[in-house]
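Now for the letters of each chain:
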Amino acid sequence: MQLEHKMSNIYESAATTLGLFNSPCLTKVELRVACKGISDRDALSKPDPCGVLKMQSHGQWFEVDRTEVIRSSISPVFSKVFTVDYYFEEVQRLRFELHDISSNHNGLKEADFLGAMECTLGQVTMTSWKPQVTAEELSGNDDYVELAFSAKKLDDKDFFSKSDPFLEIFRVNDDGTASLVHRTETIMNNLSPVWKSFKVSLNTLCSGDHERELKCTVWDWDSNGKHDFIGEFQTTFKEMKAAMDGKQIQWECINPKYQVKKKNYRNSGMVILTMCKIIKMHSFLDYIMGGCQIQFTVAIDFTASNGDPRNSCSLHYIHPYQPNEYLKALIAVGEICQDYDSDKMFPAFGFGAQIPPDFKVSIQGVVEAYQNCLPKIQLYGPTNIAPIIQKVADSASEEMHTKEAMEYFILLILTDGVITDMADTREAIVHASHLPMSVIIVGIGNADFSDMQMLDGDDGILRSPKGEPVLRDIVQFVPFHNFKHASPAALAKSVLAEVPNQVVDYYNGKGIKPKCLSDFESSRAFSP
């Protein structure tokens, strides 16, 4: 009885210490980045720049997202738009880094660092490169539009081959400036290209104003970065919507210089909108309020590398009043996840053995079961996590077949070292990326976790051993030592930051609406 009371005190004191709360987000802003005059370090070629946005939390920089790579450019205008939450009462420090990514790889580890700048949302400090950062508040319209363009009979700008066209779409702002909305891929050696369809929010495309002017420009790509202008045209989203009924809308692609100089000039080709489809985007809260529950599973590393739990140097050592890193991470994440699960009961596993006495317990029960089992088990190896991912994936697969937004699965893995079944783990994650499931990995202790970053997908697209890419990014890896001297609430915020978007991306990607909306629309469809 006394032991149970002490365990309960540990849980309560840890939970109180965490102080889990979030300031209300007043608004969201979009950040766009362009650079001018990047130093050309390679005399034989121009850099292939990629921008990385990081945010500071408790003295640590964490990557938020990164831009596309633009080949051979010293003044890139990135089409990637960063969306961040804005908190009036906080100083939000941002860091924009620029890296030269060679065509042989997409990771940052081997890339050349070109420079960086640090700023807040209101202040910008220049360093070794000169970026332009613009911020815009988002309106309340979260709908997306899917567009598909093609062209025919474009001007030929190359002597020994045909043009290599790509299309850029700009939104004309109230002050007359233009913001890049989207840049298509380049179609090589083709005067009648068919570009891939793409999705963009209506906020980004036209600020929710269907009559806002859009400027579209067609270029002939050149490897030296000096692309040849083919032509341009103006339109609005209101005009584009005519293609929603299966019609095709087309515009003449005009080169103003040719229009003045050439008497018989008609156009430099035609650009055709072959598809325009509005996609209703539901929010994370839409799904939660519609009845979707978060099914939370915990997996704890009991390999020998953690050290003997009876030794105070062990990562599993149970101090009478101070929770170890495993407990801190478990409580920080579990306290939040349990609010989205009606029965608040979670499957709990150990690497190699299930945690006695029960396999489905509350967060406090997981804490107590963890502490109870330590004297009863022998720590060993190896660190194999693929079987645990596959087990949760089996449950998520059953949910997927219901085609309803009822259960989304989160697997929290707490581990002290690099996993030993990396190939099987990559295969399991690629498979799980097709399911309503996310994987959170928290690295405990001071081991080298560099290989774990590959699973996160932040340093390139994760692929299975057979080369199959993940359908969507479902893994978030966070080393606990980054938060050792920070408020524990910061760990929960960092670990769970991507989950709402992962939930939304899965269900919206499958075309699955929140259940309450689906039921409402069904009843309305069949009502007399």
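The structure contained in this document is the topic of the report that follows. Each chain has its residues counted from 1, following the order in which its sequence is written. In view of the model being predicted, local features appear only for residues whose pLDDT reaches at least 70, and side-chain atom pairs are presented and counted only at 80 or more, with totals across whole chains, interfaces and linings using the full set of residues. Each side-chain value is worked out from all heavy atoms of the structure, with water and hydrogens disregarded.

Focus on the overall build of the chain
Per the convention used, a helix needs a DSSP run of H or I reaching at least four residues, while a strand needs a run of E reaching at least two, with both numbered from the N terminus. Secondary structure assignment for the chain yields 13 helices and 23 strands. Taking all 528 residues of the chain together, the buried fraction comes to 48%. At a minimum sequence separation of 6, the contacts of the chain that also span at least 24 residues come to 72%. What sets the accessible areas is the Shrake-Rupley method with a 1.4 Å probe; for residues, cover comes only from the shown protein chains. Surface accessibility of the chain: about 26200 Å² in total, with carbon and sulfur atoms responsible for 51%. Think of it in three bands: with a 1.4 Å probe and only protein chains considered, a residue is buried below 20% of the maximum accessible area for its type, exposed above 50%, and partly exposed in between. Two residues qualify as a contact provided that any one of their heavy atoms is within 4.5 Å of a heavy atom in the partner residue.

Some remarks on the sheet that holds strand 9 (residues 144-152)
One open sheet holds the four strands; their spatial order is 12-9-16-15, and the pairing between them is antiparallel. Two strands in the sheet have a free side with no partner beyond their single neighbour: strand 12 (198-201) and strand 15 (249-252). If you compare each strand with its neighbour and ignore which way they point, the axes differ by 35° on average. As judged from the four bridges shared by strand 15 and strand 16 (residues 270-279), these two strands associate in the antiparallel manner. Note that in strand 16 the partner of isoleucine 249 across the bridge is leucine 273. Here, strands pair whenever DSSP counts at least two bridges between them. Comment: axis = line fitted to C-alpha atoms, over the contacting stretch for helices; angle = value between 0 and 180 degrees taken between N-to-C directions.

Focus: the nonpolar core
Take the buried Ala, Val, Leu, Ile, Met, Phe, Trp, Tyr and Cys residues and link them wherever side-chain atoms come within 4.5 Å; each set so joined is a nonpolar core. One finds Phe296, Leu414, Val442 and Tyr507 to be the most contacted residues of the largest nonpolar core, which totals 48 residues. The biggest single contributor to this core is helix 6 (residues 325-337), with eight residues. Counting 29 residues, the second-largest nonpolar core is a separate cluster that includes Val181, Cys216, Ile230 and Phe233.

Focus: the packing of helix 8 (residues 386-400) against helix 9 (residues 422-432)
Running from N to C, helix 8 and helix 9 cross one another at 15°; their axes reach a closest spacing of 8 Å. In this view, helix 8 runs roughly parallel relative to helix 9, as classed from their interaxial angle. The interaxial crossing formed by helix 8 with helix 9 has left-handed handedness. Seen from helix 8, the contacting residues are Ala386, Ile389, Gln390 and Ala393; seen from helix 9, they are Asp424, Thr425, Ala428, Ile429, His431 and Ala432. Each residue receives one of three labels: charged for Asp, Glu, Lys and Arg, nonpolar for Ala, Val, Leu, Ile, Met, Phe, Trp, Tyr, Cys and Pro, and polar for the others, Gly being one of them. Residues of the contact of helix 8 with helix 9, tallied by class, amount to six nonpolar, three polar and one charged. An angle below 35 degrees is treated as roughly parallel, one above 145 as roughly antiparallel, one from 65 to 115 as roughly perpendicular, and anything else as oblique. Each crossing is labelled by how the near helix is turned from the far one, with a counterclockwise turn of less than a right angle marking it left-handed and a clockwise turn marking it right-handed.

Brief notes about the sheet that holds strand 14 (residues 228-236)
Within a sheet, adjacent strands bond to each other through the backbone by hydrogen bonds, running parallel or antiparallel. Pairing is antiparallel in the open sheet, where four strands are placed in the order 11-10-13-14. Each of the sheet's edge strands pairs with one partner strand only, and the pair in question is strand 11 (178-183) and strand 14. Neighbour-to-neighbour, the strand axes of this sheet turn through a mean angle of 25°, independent of strand direction. Two strands pair when backbone bridges link them, and strand 13 (residues 213-220) and strand 14 are joined in this way by eight bridges, in the antiparallel orientation. Among the inter-strand pairings, leucine 214 is bridged to a residue of strand 14, identified as threonine 235.

Regarding the layout of surface pockets
Grid points spaced at 1 Å over the protein atoms alone were grouped into cavities, where a 1.4 Å probe fits but cannot get out, and pockets, open sets with protein on both sides within 12 Å along at least five of seven lines, with lining residues defined by an atom within 4 Å of a point. Grid points are joined across faces, edges and corners, and a volume is the space filled by probe spheres set on the points. Estimates place the volume of the second largest pocket at around 1000 Å³. Elements with a contribution of two residues or more to the lining of the second largest pocket: strand 1 (27-36), strand 8 (130-137), strand 10 (165-172), strand 11, strand 13 and strand 14. Taken together, the residues that form the lining of the second largest pocket break down as 17 nonpolar, 15 polar and 15 charged.

Considerations on helix 7 (residues 363-373)
With eight of 11 residues buried, helix 7 is to be regarded as a mostly interior element. Of the positions making up helix 7, those classed as buried are Ile363, Gly365, Val366, Val367, Ala369, Tyr370, Gln371 and Cys373.

Let's talk about the pattern of salt bridges
Salt bridges, as used here, are contacts in which a Lys or Arg side-chain nitrogen is within 4 Å of a carboxyl oxygen on Asp or Glu. Following the criterion strictly, the structure yields 14 salt bridges and no others. Its salt-bridge partner being glutamate 118, residue arginine 95 comes within 2.9 Å of it at the nearest N-O pair. Here arginine 95, found in strand 5 (residues 94-100), pairs with glutamate 118, found in strand 6 (residues 112-119); they are 23 residues apart in sequence, far enough to count as distant. Close ionic contact of arginine 212 with aspartate 174 constitutes a salt bridge, the shortest N to O distance being 3.0 Å.

Here's the deal with the packing of aromatic side chains
Classification of ring pairs rests on two measures: the distance between centres of Phe, Tyr or Trp rings, Trp counted by its six-membered ring, which must be within 6.5 Å, and the angle between planes, read as stacked under 30 degrees, edge-to-face over 60 and tilted in between. Inspection of every chain in the model, using the stated rule, returns 11 aromatic pairs. Ring centres of phenylalanine 296 and phenylalanine 346 lie 5.3 Å apart, and the angle between their planes is 85°; on these two criteria the pair is classed as edge-to-face. Here phenylalanine 296 is found in strand 17 (residues 293-300), whereas its partner phenylalanine 346 is found in strand 18 (residues 346-350), with 50 residues between them in sequence. Accessibility assignment for this pair places phenylalanine 296 and phenylalanine 346 in one class, buried. Here the aromatic residues Phe149, Phe198, Phe233 and Trp251 are joined through ring pairs into a cluster of three or more. Here, a charge over a ring means that NZ of Lys or CZ of Arg falls within 6 Å of the ring centre while also lying within 35 degrees of the ring normal. It is lysine 262 that lies over the ring of tyrosine 258; its NZ or CZ is 4.1 Å from the centre.

Let's talk about the pairing of strand 23 (residues 475-479)
Across the five residues that make up strand 23, a large majority, five, are buried. Side-chain alternation along strand 23 places Val475, Phe477 and Pro479 on one buried face and Gln476 and Val478 on a second face that is also buried. Inspection of the sheet shows strand 22 (residues 437-443) paired to strand 23 by five bridges, in the parallel sense. Pairing of isoleucine 440 across the sheet is with glutamine 476, part of strand 23.

Some details on the side chain of aspartate 220
Its place among the elements puts aspartate 220 in strand 13. Of the side chains bearing the opposite charge, lysine 157 lies closest to the buried aspartate 220, which forms no salt bridge; the N-O distance is 7.6 Å. N or O atoms closer than or at 3.5 Å make up a polar contact, with two conditions inside protein: a donor-capable atom paired with an acceptor-capable one, and, for residues adjacent in sequence, both atoms drawn from side chains. Here aspartate 164 takes part through its backbone nitrogen, which lies 2.7 Å from a polar atom of the side chain of aspartate 220. Non-local contacts of aspartate 220, meaning those with residues more than four positions away in its chain, are made with Lys157, Asp158, Ser163, Asp164, His227, Asp228 and Ile230. Charge counting treats Lys and Arg as positive and Asp and Glu as negative, with His and both chain ends excluded.

Some points on empty space enclosed by the protein
Applying the stated criterion across every chain, the model contains one cavity of 30 Å³ or more. The calculated volume of the largest cavity comes to roughly 30 Å³. Looking at the largest cavity, it is lined by 10 residues, and the ones nearest its centre are Val33, Gly51, Val52, Phe96 and Glu97. Counting residues per element, the ones that place at least two in the lining of the largest cavity are strand 2 (49-57) and strand 5. Per-element accounting of the lining of the largest cavity gives the leading share, three residues, to strand 5.

Remarks on the packing of helix 6 against helix 7
How two helices pack is summed up by the angle between their axes together with the distance between the axes. In the contact formed by helix 6 and helix 7, the axes pass within 10 Å of each other and the chain directions differ by 165°. In terms of their interaxial angle, helix 6 and helix 7 are classed as roughly antiparallel. Crossing angle aside, the handedness with which helix 6 passes helix 7 is right-handed. Seen from helix 6, the contacting residues are Tyr326, Leu327, Leu330, Ile331 and Gly334; seen from helix 7, they are Ile363, Val366, Val367, Tyr370 and Gln371. Of the residues assigned to the contact of helix 6 with helix 7, the class counts are eight nonpolar, two polar and no charged.

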